Amino acid sequence: MTTTPASDAALERFTMVIGSESREAADGRWLETMNPYTGRPWALIPRGGAADIDRAVTAAHEAFTSGPWSRMTASDRGLLMYRLAELIAANAERLADLEVRDNGKLRVEMLGQMKYLPRWFQYYGGLADKIEGSVTPIDKPNMFHYVTHEPLGVVGAITPWNSPLLLTVWKLAPAMAAGNTVVVKPSEHASVSMLALARLFDEAGFPPGVVNVVTGLGPEAGEPLVEHPLVARIAFTGGNPGGRKIYEAAARQFKRVLLELGGKSPNIVFDDADLDAAVKGVISGIFAAGGQTCMAGSRLLLHAAIHDRFLEALVARMREARLGDPNAADTDVGPVATEQQLAKVLDYIAIAEAEGARCVLGGRRSSRPGCTEGWFVEPTIFADVRNDMRVAREEVFGPILSVIRFETEEEAIAIANDTPFGLAAGVWTRDLARAMTMPKRLRAGTVWINAYRVVSFLAPFGGFKESGIGRENGQAAIMEYLETKSVFINARPGVANPFTLQ
Ligand code: NAD
């Protein structure tokens, strides 16, 4: 990504949304946003900075403290969210087109995500007026005590490029249902769909300042958002290096954080599994979306008894995979999203080879027709990987699968858990006892049995260990955006002895 002069007239320009107004960056700078399929810029987004963040946080703070949003009932907030859901459904095709152009993922995948998005606003819109407090049977005579939950204030949402709107909506919907206002800083690589979505809030009738979007780079726009004193909580999805910096900066102000970070998830296939289903599950875990999902099943743990024939079937199926235009209905694997990501993936291929892993598929940049301009990597499978190799320990975020052999269930569990991450795990087995006991033994936030890459607005999602802090989705996620308040009311005013704890 490079900066262009504002005079680059050939490219479409998108503007930020601050307090319902369309805004360029305060200092007039722009960023090119690239199309991974063509390797060329297709649009310009504002290169926002601290001044823009300050303006957006101020608008969000005003909306929270004194605007119409602050006086709205929870039921009315919910109704606005239903209206927004309808508008997203009506705009799903357009939003999907923008995401494909920005991150190169398959249109069929992005359209599926866009059609699913309204469910988050419907679910949390419905939850808005069901955030109930409680009355405590308090142990103090004459005291009435209740517990209530209140919004935090301004939430800063910082999101990645791989599923730009989906991962933003996982934050927006519960934060708004709880009554907060939000400033979103989307990924510099895929901001356009969020800029388009921001217009729909106005159309749905949300008051100004409830949702604001500032685009720009992590250090220039993301850091000032984290450090802004009027931001009460940061909800971040992204890589561990950025997550660590944000956690440290937030700690200086004792600011609350939700962190959804990286993964190195195991997909474990036992010898009693339905092998056809498992081959498809392994493919969906790592090659769908070109491996660019936090939950990618990037380590395949294969039981020794089926190792060779499973690998052969997997390689045979992946040889048929079609690479190409992410908009074409028959494309299976699109490009990786950024040029840096392409370089990183190719680096890891070299690292794996140097470590002694055996490449049985791919292992290079793609030279297929139609794939030479964009950032395509051939789907790559490494066999004979040991769990202590870097390719098995570090998140690659690309179409690279590391295959590790195991002999026993105990060994599979030990290998699966031997990672700093703990986002997800898949298990393929027909053994009921194993299916029932494995989830408890795997240190991961989500476990799929005979399935992979399933998410729902109803199902909590988040990481163990270095994969994150907090949970998104499901009822409990709304508590991430609420403070708990304890209220005592003395029915008989008067203090017996002011020098003792009452
Ligand atoms: P990234 O960390 O590079 O960037 C994510 C966002 O953070 C961007 O908006 C970026 O501008 C911003 N940012 C970066 N440094 C910052 C800083 N110091 N202060 C404030 N903001 C900063 O991540 P990415 O490359 O866009 O996305 C890929 C990563 O996201 C992968 O590691 C992946 O595993 C992770 N991810 C996690 C989940 C999950 O739910 N756990 C989901 C999707 C992606």
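Residues numbered from 1 in each chain as written. Predicted model: local features only at pLDDT ≥ 70, side-chain atom pairs only at ≥ 80, totals over all residues. Heavy atoms only, no water.

1. A closer look at the nonpolar core
Move 1: Formed by 97 residues in total, the largest nonpolar core has its most connected members in Phe121, Met176, Val269 and Phe310.
Move 2: The residue makeup of this core includes at least three contributed by each of domain 1 (49-261 + 463-485) and domain 2 (266-449).
Move 3: Sequence-distant contacts of Phe121, that is, excluding residues within four places in its chain, are made with Met81, Tyr82, Leu84, Ala85, Ile88, Val169, Leu172, Ala173, Met176 and Phe201.
Move 4: By size, the runner-up hydrophobic cluster in this structure holds 32 residues, among which are Val336, Ile351, Trp375 and Ala412. (Core = buried A, V, L, I, M, F, W, Y, C linked by side-chain atoms within 4.5 Å. Buried < 20%, exposed > 50% of the residue type's maximum accessible area, 1.4 Å probe, protein only. Domains from an automatic or database assignment. Contact = heavy atoms within 4.5 Å.)

2. As for the sheet that holds strand E18 (residues 400-406)
Move 1: With mixed pairing, seven strands are arranged side by side in an open sheet as E16-E17-E18-E15-E14-E19-E20. The open sheet is flanked by strand E16 (358-361) and strand E20 (446-449), the only strands paired with a single partner. Averaged over all pairs of adjacent strands, the angle between their axes in this sheet comes to 25 degrees, without regard to strand direction.
Move 2: Here three bridges tie strand E14 (residues 266-269) to strand E19 (residues 424-428), and the two strands are oriented parallel to one another. Bridging across to E19, Ile268 finds its partner in Val427.
Move 3: Along the sheet face, helix H11 (residues 275-286) touches E14, strand E15 (299-303), E18 and E19 and points at about 170 degrees away from the line of E14. (Pairing = 2+ DSSP bridges. Helix = DSSP H or I, 4+ residues; strand = E, 2+ residues; numbered from the N terminus. Axes fitted to C-alpha atoms, helices over the stretch in contact; angles between N-to-C directions.)

3. As for unusual backbone geometry
Move 1: Of note, Phe254 is a non-glycine position whose phi angle comes to about 50 degrees, a positive value.
Move 2: By the element assignment, Phe254 lies in the loop between helix H10 (240-252) and strand E13 (256-260).
Move 3: The phi torsion at Lys465 lies on the positive side, around 50 degrees, for a residue other than glycine.
Move 4: Turning to its location among the elements, Lys465 is positioned in the loop between E20 and strand E21 (468-469).

4. Details of the domain arrangement of the chain
Move 1: Looking at the assigned domains, one finds that the chain contains domain 1 (49-261 + 463-485) and domain 2 (266-449).
Move 2: For domain 1 and domain 2, the distance between their C-alpha centroids amounts to 31 Å.
Move 3: In this assembly, 19 residues from domain 1 lie in contact with 25 residues from domain 2.
Move 4: Summing the contributions of domain 1 and of domain 2, the shared interface buries around 1900 Å²; its carbon and sulfur component is 59%.
Move 5: If you look at where domain 1 meets domain 2, you find nine residue pairs in polar contact (both at pLDDT 80 or more). (Buried area = accessible area lost by both parts, 1.4 Å probe. Polar contact = N/O pair within 3.5 Å; in protein donor to acceptor, adjacent residues only side chain to side chain.)

5. Quick look at the pattern of salt bridges
Move 1: Tallied over the full model, the rule gives 29 salt bridges.
Move 2: As a salt-bridge pair, Arg322 and Asp332 come within 3.7 Å of each other at their nearest N and O atoms. Of this pair, Arg322 sits in the loop between helix H12 (307-319) and helix H13 (339-354) while Asp332 sits in the loop between H12 and H13, and the two are ten residues apart along the sequence.
Move 3: By relative accessible area, which is 43% here, Arg322 ends up partly exposed.
Move 4: Where salt bridges share partners, they join Asp27, Arg29, Arg47 and Glu220 into one cluster. (Salt bridge = Lys/Arg side-chain N within 4 Å of Asp/Glu carboxyl O.)

6. Some points on a nonpolar patch on the surface
Move 1: A cluster of nonpolar side chains, namely Val135, Phe144 and Ile489, defines an oily patch on the protein surface of about 270 Å² accessible area.
Move 2: Assignment of secondary structure puts Ile489 in strand E22 (residues 482-490).
Move 3: The class for Ile489 is partly exposed, based on a relative accessible area of 40%. (Patch = residues over 30% accessible without salt bridge, like charges linked within 9 Å, V, L, I, M, F, W, Y side chains within 5 Å. Areas by Shrake-Rupley, 256 points an atom, 1.4 Å probe, with all protein chains shown as cover.)

7. Looking at the side chain of Ser402
Move 1: Counting through the fold element by element, Ser402 comes out in strand E18.
Move 2: Engagement of the side chain of Ser402 in a polar contact is seen with the backbone oxygen of Val391, the distance being 3.3 Å.

8. Let's talk about the sheet that holds E22
Move 1: Taken in spatial order, the three strands make up an open sheet running E7-E8-E22, and their pairing is antiparallel. One side of each edge strand has no neighbouring strand; the edge strands of this open sheet are strand E7 (134-136) and E22. Across the sheet, the mean angle separating the axes of adjacent strands is 25 degrees when strand polarity is ignored.
Move 2: Looking at chain direction, strand E8 (residues 143-151) and E22 are connected through nine bridges and run antiparallel. Within E22, the residue paired with Met143 across the bridge is Asn490.

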